[in-house]
Amino acid sequence: MLQGHQTWIFDSKPIIIASAAVGGPFEAQGALAEDFDLLHGDIWLGQDSFEKAEKKLQEQACETALKKAGMKKEDIQFLLGGDLINQIVPSNFAARTLATPYLGLYGACSTSMEGLALGSVLVDSGFAKNALVCVSSHNAAAEKQYRYPTEYGSQKPPTAQWTVTGSGAALISAQGNGPRVTGATIGRVIDMGLSDPFNLGAAMAPAAVDTIEAHFRDLNRDPTYYDIIATGDLGRIGHRIAGDLLKKHGMGIPDEIFTDCGIMIYRKDQPIVLAGGSGCACAAVTTFGHFLNQMCKGELHKILIIATGALLSPMSYQQKESIPSIAHAVSIEL
Amino acid sequence: MSNKKKKKLSPTQQEYQEFAQTREPKRPIFLNCTKAFLVGGLISALGQGIQMFFIKYFHFSAETAGNPTVAVLIMITVLLTGFGVYDHIAQWAGAGTVIPVTGFANTMVSAAIEHRSEGFVLGVGGNMFKLAGPVIVYGVFSAFVVSLVVIILRTLGVM
């Protein structure tokens, strides 16, 4: 059901009956290592290309989620997948393995919440009994496509972010036990004219702010309704900008509940991540791993995740285009 | 931000960019320059040492010792890049590792390694000069322009 301009309320409150998080070697050293179902020591995952490794991450996340739910892939009506690579090849190939009816999504790093929102729409409307959402990103595959070869020695500025190697999957069902998806706010594309691909946090912050404001306006809710409000991958710089921007607009969120997946996922003693984590997997593994685990333990009851995406391509950047950004918010409650 | 770039932006965009800019850490330029000076100097000193070694033990002249010296530096870079160390040194050293011949070698090797998964012809062959290409194109072109000027000046009897 539509409420306000851009927010969906799911009357049946679809249930996330199982979720999975798979990570790479750098995530294994990170702050949320214990919340992963599977961690890899090898960035190649024994494959001969980074793209195949990313496909493998998705396959494993899907398998783990299915296993945790005690389901077979035949029980799933639709798979919604996405990633950052050209033509979302890792998702398409993982969908080939699963052989489930599939919808490919691209919303850059916001794909995790785009998928969770759409999956919940399918289940809530009765168009699916069980829908599986799976997104991934791979540090080396993303660097290769968006920036320079991984071994190329260029100095990154302090605003740059580190793409998370990993995949997160969530199984949304009409029946079962688990945290429930109660609402979603679909964001607008916002472009503040920034064009530095090494400073995506600042480019995406206004999109996050726009979606957060829309969410609370449409639902007529106060931020303190939630136990945690987490942005997807704004990083230290983008998150600070977003926080200050919200305060400036008269909608301050208390610092204790306002956080960012890109800040949480790595430790402070991993200086190579610079401003923090990014990528589809950043919001996905933090939400589907860390936050949902905390909810199942009863430590969190109501969370709002705002996954942010920078909608640039290497070509648009070379053609001196600015970076349009988007953010989708999904609320999950016990 | 240049004024030309500013003109294209709407007032809201300008306002936001100024708002964001005050919250972004700047590149530590002085520190980066110092690091680049030290590392760049160190690599050059190493090169000088290798050159003297070739002159003393292999009877090269000061001019001809240049080629084997460059070859040794390139080989060291290839190994460091292959073992995945070079990019970490470069994040610290910045221009210090980019400007010497080691930086050029690194652009080619890193691209070659990266695109190995697309095969030897289209992958390695097609992408090896992805980053080094512009250096070669504009290096050769500027050499061509300079030699043209020299030839013209010589024909006119100026030089």
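Cut-offs applied
Residues numbered from 1 in each chain as written. Chains lettered and ligands numbered in written order. Predicted model: local features only at pLDDT ≥ 70, side-chain atom pairs only at ≥ 80, totals over all residues. Heavy atoms only, no water. Contact = heavy atoms within 4.5 Å. Buried area = accessible area lost by both parts, 1.4 Å probe. Salt bridge = Lys/Arg side-chain N within 4 Å of Asp/Glu carboxyl O. Polar contact = N/O pair within 3.5 Å; in protein donor to acceptor, adjacent residues only side chain to side chain. Helix = DSSP H or I, 4+ residues; strand = E, 2+ residues; numbered from the N terminus. Axes fitted to C-alpha atoms, helices over the stretch in contact; angles between N-to-C directions. Parallel < 35°, antiparallel > 145°, perpendicular 65-115°, else oblique. Left-handed = near helix turned anticlockwise from the far one by under 90°. Phe/Tyr/Trp six-rings, centres within 6.5 Å; stacked < 30°, edge-to-face > 60°. Buried < 20%, exposed > 50% of the residue type's maximum accessible area, 1.4 Å probe, protein only. Pairing = 2+ DSSP bridges. Core = buried A, V, L, I, M, F, W, Y, C linked by side-chain atoms within 4.5 Å. Domains from an automatic or database assignment. Nonpolar A, V, L, I, M, F, W, Y, C, P; charged D, E, K, R; others polar.

1. A look at the interface of chain A and chain B
The interface is formed by 34 residues belonging to chain A together with 36 residues belonging to chain B. For the chain A and chain B pair, buried surface summed over both sides reaches about 2,900 Å², with 57% attributable to carbon and sulfur atoms. Applying the counting rule to chain A against chain B returns 3 salt bridges. Here B:Glu118 ties to A:Lys144 by a salt bridge, and the two come within 2.9 Å at their closest N and O atoms. At the surface where chain A touches chain B, the tally comes to 15 residue pairs in polar contact (both at pLDDT 80 or more). Sorting the residues of the side of chain A that touches chain B by element identifies helix H5 (139-146), helix H6 (200-219) and helix H7 (235-248) of chain A as the ones contributing at least two each.

2. Looking at the packing of helix H4 (residues 66-82) of chain B against helix H7 (residues 101-114) of chain B
Residues and elements named next belong to chain B. At a minimum axis separation of 9 Å, H4 and H7 run at an interaxial angle of 45 degrees. Relative to H7, H4 is oriented oblique. At the point where H4 passes H7, the crossing takes the right-handed sense. Seen from H4, the contacting residues are Val70, Leu73, Ile74, Thr77, Val78, Thr81 and Gly82; seen from H7, they are Val101, Thr102, Ala105, Asn106, Val109, Ser110 and Ile113.

3. Some thoughts on the environment of A:Ala170
Considering the arrangement of structural elements, one finds A:Ala170 in strand S9 (residues 166-173). Leave out the neighbours within four places in its chain, and A:Ala170 touches A:Ile16, A:Ala18, A:Ser19, A:Leu116, A:Ala131, A:Leu132, A:Val133 and A:Phe288.

4. Considering the packing of aromatic side chains
Using the criterion set out here, one finds 12 aromatic pairs over all chains in the structure. Ring centres of A:Trp8 and A:Phe10 lie 6.5 Å apart, and the angle between their planes is 55 degrees; on these two criteria the pair is classed as tilted. Residue classification places A:Phe10 among the buried positions, given a relative accessible area of 3%. Taken together, a centroid distance of 5.3 Å and an interplanar angle of 50 degrees make the contact between B:Phe53 and B:Tyr57 tilted. Taken together, the residues B:Phe53 and B:Tyr57, both in helix H3 (residues 29-58) and 4 residues apart, mark about one turn of the helix. Since its relative accessible area comes to 39%, B:Phe53 is described here as partly exposed. By way of ring pairs, the aromatic residues B:Phe53, B:Phe54, B:Tyr57, B:Phe58 and B:Phe60 are connected into one cluster.

5. Things to note about the pairing of strand S10 (residues 180-185) of chain A
Both faces of the sheet carry side chains from a regular strand, because those side chains alternate between them. Residue and element names in this part refer to chain A. Taken across its 6 residues, S10 has 5 buried, putting it largely inside the fold. By the bridge criterion, 3 bridges tie strand S2 (residues 7-9) to S10 in an arrangement that is antiparallel. Each bridged residue has a counterpart across the sheet, and for Trp8 the counterpart in S10 is Ala184. Where S10 meets strand S15 (residues 325-333), 5 bridges bridge the pair, whose relative direction is antiparallel. The residue bridging Ala184 from the neighbouring strand is Val330, located in S15.

6. A few points about the nonpolar core
In this structure, A:Leu116, A:Ile229, A:Phe291 and B:Tyr16 are the most contacted members of the largest nonpolar core, which totals 87 residues. Among the domains, domain 1 (12-173) and domain 2 (181-333) of chain A are the pair contributing at least three residues each to this core. The residues touching B:Tyr16, leaving out its near neighbours within four places in the chain, are A:Met192, A:Leu194, A:Ala202, A:Ala205, A:Pro206, A:Ile241 and A:Leu245. Grouped together as the second largest cluster of nonpolar side chains are 19 residues, A:Ala20, A:Leu57, A:Ala65 and A:Met71 included.

7. Structural notes on the domain arrangement of chain A
Residues and elements named next belong to chain A. Domain boundaries assigned for chain A yield domain 1 (12-173) and domain 2 (181-333). A straight line from the C-alpha centre of domain 1 to that of domain 2 covers 18 Å. Between domain 1 and domain 2, the residue contacts involve 50 residues of the former and 52 residues of the latter. Where domain 1 touches domain 2, the interface holds 0 salt bridges. Counting the contacts that link domain 1 with domain 2 gives 21 residue pairs in polar contact (both at pLDDT 80 or more). The element contributing the most residues to the side of domain 1 that touches domain 2 is helix H4 (residues 111-124), with 7 residues. Residues that form the side of domain 1 that touches domain 2 fall into these classes: 26 nonpolar, 17 polar and 7 charged.

8. Topic: unusual backbone geometry
Residue and element names in this part refer to chain A. The residue Lys13 is not glycine, and still its phi comes out positive at about 50 degrees. Turning to its location among the elements, Lys13 is positioned in the loop between S2 and strand S3 (15-23). At Leu274, a position not held by glycine, the phi torsion is positive, near 55 degrees. Secondary-structure assignment places Leu274 in the loop between helix H8 (261-264) and strand S13 (277-278).

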